[in-house]
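Commentary on secondary and tertiary structure
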Amino acid sequence: MDESKQLELLRQQDKQAFAALVRAQHGKLKAVARAMVGSAEAEEVVQEAWLSAWRALPAFEGRSSLKTWLTRIVMNAAHSRLRRRDQTLSLDQIAGENPSFWDRFNPDDGHWQQMPISWRSDRPDGLLQQTELGDCLQKNLDRLPALQQAVFTLRHVEELELDDICNELNVSASNVRVLLHRARLKLFQVAEHYQETGEC
Amino acid sequence: MLSCKEVTQRAGDWTDGTLSLKQKLAVRLHLLICVFCRRFLRQYKLAAETTALQACQHDHHEVEKVLKMIDDAPRDQHLP
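This text gives an overview of the structure that appears in the document. Sequence order sets the numbering: in each chain, residues are counted from 1 along the sequence as written. Chain letters and ligand numbers both follow the written order, the letters beginning at A and the numbers at 1. For a predicted model such as this one, the threshold for reporting local features is a pLDDT of at least 70, and the threshold for listing and counting side-chain atom pairs is 80 or more; totals across whole chains, interfaces and linings nevertheless cover every residue. Side-chain measures here rest on the full set of heavy atoms in the structure, leaving out hydrogens and waters.

Here's the deal with the overall build of chain B
- Labels follow the DSSP assignment, with helices taken as runs of H or I lasting at least four residues and strands as runs of E lasting at least two, numbered in each case from the N terminus. On a plain count of helices and strands, chain B comes out with five helices and zero strands.
- Each helix and strand of chain B, ordered N terminal to C terminal, gives the series α-α-α-α-α.
- To get the radius of gyration, use the C-alpha atoms; to get the globule rule, take the number of residues to the power 0.38 and multiply by 2.2 Å. Here chain B has a C-alpha radius of gyration of 22 Å; the compact-globule value for 80 residues is 12 Å, and the former is much larger.
- In terms of its C-alpha atoms, chain B occupies a principal-axis envelope of roughly 65 × 30 × 15 Å.
- Across chain B, contacts joining residues at least 24 apart in sequence account for 57% of those joining residues at least 6 apart. Whether two residues are in contact is decided by their heavy atoms: any pair within 4.5 Å suffices.

This is the structure in structure tokens:
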């Protein structure tokens, strides 16, 4: 079905079209909620967001894409949850960095002394054949400082541009780049450790 | 010539395409001769993509719960 037809059906609150939208987007939206409020409350946040979206659909003007609109609804729901907890996503932990990674380089010339090993697959679905690796990555994503998680999720799950992430989270471009690099580096280390030892 | 450590420090900007032309050329030159940094950059991106794919997995019961909730919701109930 083409997008404008789907949008028309959604504006008319067609339940079948809405069900297809929920099936397609629920996982991504839940990931955004989890990154912002934690896994315990994420499901509730996304449920609230879906209900808000359902009610607001007849008035949806299509000024942004449906995906962006839904992401914003989830983020608003997550932000109000954080406000109720009197908590915000803060840059407090931007200074913390895992130093062990940088020990892998020769201090004199900066070249690898502990080289990266080759992994079993060069595709995400191939790597996720090792089901424990998926759980391990998820666990470590959940353990990242909240703002790192949020930046990572908006970039890699929602595929937002860096500028949009800065606007959504009210963080400077340079901080977004630092947070994103730290999150990716941590997840690289987790995946590599699993490839090497079979353990999380 | 950049060191391997300097290349890994630029991995984020390399991945996001936010390096300046000069920096991009310096990384590219290093990658021509360094198999380990090529491997690192590939796997650095792969770890992120794999985590994102995993993070999108969801429980079908949750989806069914949402659909049930919508089924029970009245139509045309606009938000204020």
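With respect to a nonpolar patch on the surface
Residue and element names in this part refer to chain B.
- Patch membership needs two things, relative accessible area over 30% and no salt bridge, and members are linked within 9 Å if like-charged or within 5 Å if nonpolar (Val, Leu, Ile, Met, Phe, Trp, Tyr). Note that accessible areas follow from Shrake-Rupley with a 1.4 Å probe, and for residues the cover is restricted to the protein chains shown. Basic side-chain nitrogens of Lys or Arg form a salt bridge, by our definition, when they fall within 4 Å of a carboxyl oxygen of Asp or Glu. A surface patch of nonpolar side chains, about 500 Å² in accessible area, is lined by Met 1, Leu 29, Leu 32 and Ile 33.
- One can find Leu 29 in helix α3 (residues 21-33).
- Judged by relative accessible area, which is 48%, Leu 29 ranks as partly exposed. Residue burial is assigned from relative accessible area. The probe radius is 1.4 Å, only protein chains are included, and a residue is buried under 20% of its type maximum, exposed over 50%, and partly exposed in between.

A short note on the packing of aromatic side chains
- Note on ring pairs: Phe, Tyr and Trp rings are taken, using the six-membered ring of Trp, and paired if centres are within 6.5 Å. Classes follow the plane angle, with under 30 degrees stacked, over 60 edge-to-face and the rest tilted. In total, this model carries 14 aromatic pairs over all chains according to the counting rule given.
- Judged by centre distance (4.6 Å) and plane angle (50 degrees), the rings of Phe 60 of chain A and Trp 69 of chain A are tilted. Across the pair, exposure class does not vary: Phe 60 of chain A and Trp 69 of chain A are buried alike.
- Their ring planes at 50 degrees and their centres at 5.6 Å tell us that Trp 112 of chain A and Phe 40 of chain B sit as a pair that is tilted. Placement of Trp 112 of chain A in the loop between α4 (66-84) and α5 (124-127) and of Phe 40 of chain B in helix α4 (residues 35-55) is noted, with the two residues assigned to different chains. You'll find Trp 112 of chain A and Phe 40 of chain B in the same group, each marked buried.
- Linked through ring pairs, Phe 101, Trp 102, Phe 105, Trp 112, Trp 119 and Phe 188 of chain A together with Phe 40 and Tyr 44 of chain B together constitute an aromatic cluster.

A word on the interface of chain A and chain B
- On the chain B side, the residues contacting the 60 residues of chain A number 49 residues.
- Here chain A meets chain B over a buried area of about 4,900 Å², counting both sides, of which 66% is carbon and sulfur.
- A quick way to say it: buried area is the sum, across both parts, of accessible area lost when two parts are put together, with a 1.4 Å probe. Broken down residue by residue, the surface that chain A buries against chain B is led by Lys 15, Arg 55 and Arg 184 of chain A, which jointly contribute 12%.
- Linking chain A with chain B are seven salt bridges, by the criterion used here.
- Residues Lys 65 of chain B and Glu 43 of chain A are paired through a salt bridge, measuring 3.1 Å at the closest nitrogen-oxygen approach.

Notes on the packing of helix α1 (residues 3-11) of chain A against helix α2 (residues 15-37) of chain A
All names here are of chain A.
- To define axes, lines are fitted to C-alpha atoms, for helices over the stretch in contact only, and angles between the resulting N-to-C directions are given on a 0 to 180 degree scale. Packing of α1 against α2 leaves a shortest axis separation of 8 Å and a crossing angle of 115 degrees. If you check the angle between α1 and α2, you find them roughly perpendicular. Seen along the crossing, α1 lies across α2 with a hand that is left-handed. The residues of α2 that touch α1, namely those facing Gln 6, Leu 9 and Leu 10, are Ala 17, Phe 18 and Leu 21. Angles are sorted into four bins: roughly parallel if under 35 degrees, roughly antiparallel if over 145, roughly perpendicular if 65 to 115, and oblique for all others. Put simply, a crossing is left-handed when the front helix is turned counterclockwise from the back one by less than a right angle, and right-handed when it is turned clockwise.

Thoughts on α4 of chain A
Residue and element names in this part refer to chain A.
- In this model α4 runs 27 Å from its N-terminal to its C-terminal C-alpha over 19 residues, within 8% of the 27 Å that 1.5 Å per residue would give.
- The set of residues buried in α4 consists of Leu 66, Trp 69, Leu 70, Thr 71, Ile 73, Val 74, Met 75, Ala 77, Ala 78, Arg 81 and Leu 82.
- In this structure, the buried residues of α4 make contact with α1, α2, α3 (39-56), α7 (146-156) and α8 (162-169).
- Where α4 ends, the next residue or the one after it, Asp 86, has phi of about 60 degrees, a positive value. The span expected for a helix works out to 1.5 Å for each residue beyond the first.

Notes on α7 of chain A
- Counting buried residues along α7 of chain A, ten of its eleven residues qualify, which places the element largely inside the surrounding structure.
- The complete set of buried residues in α7 of chain A reads Leu 147, Gln 148, Gln 149, Ala 150, Val 151, Phe 152, Thr 153, Leu 154, Arg 155 and His 156 of chain A.

Points about the pattern of salt bridges
- Summed over the entire model, instances satisfying the criterion amount to 18 salt bridges over all chains.
- Of the charged contacts, one joins Arg 23 of chain A and Glu 64 of chain B as a salt bridge, the two residues approaching to 3.6 Å between their closest N and O atoms. Linking Arg 23 of chain A in helix α2 with Glu 64 of chain B in helix α5 (residues 60-72), this pair reaches from one chain into another.
- With relative accessibility at 44%, the residue Arg 23 of chain A sits in the partly exposed group.
- Note that Arg 63 of chain A and Glu 61 of chain A form a salt bridge whose closest N and O atoms lie 2.3 Å from each other. Per residue, the accessibility class of Arg 63 of chain A equals that of Glu 61 of chain A, and both read exposed.
- One continuous salt-bridge network, built from bridges that share partners, spans Glu 41, Glu 44, Glu 48 and Arg 81 of chain A.

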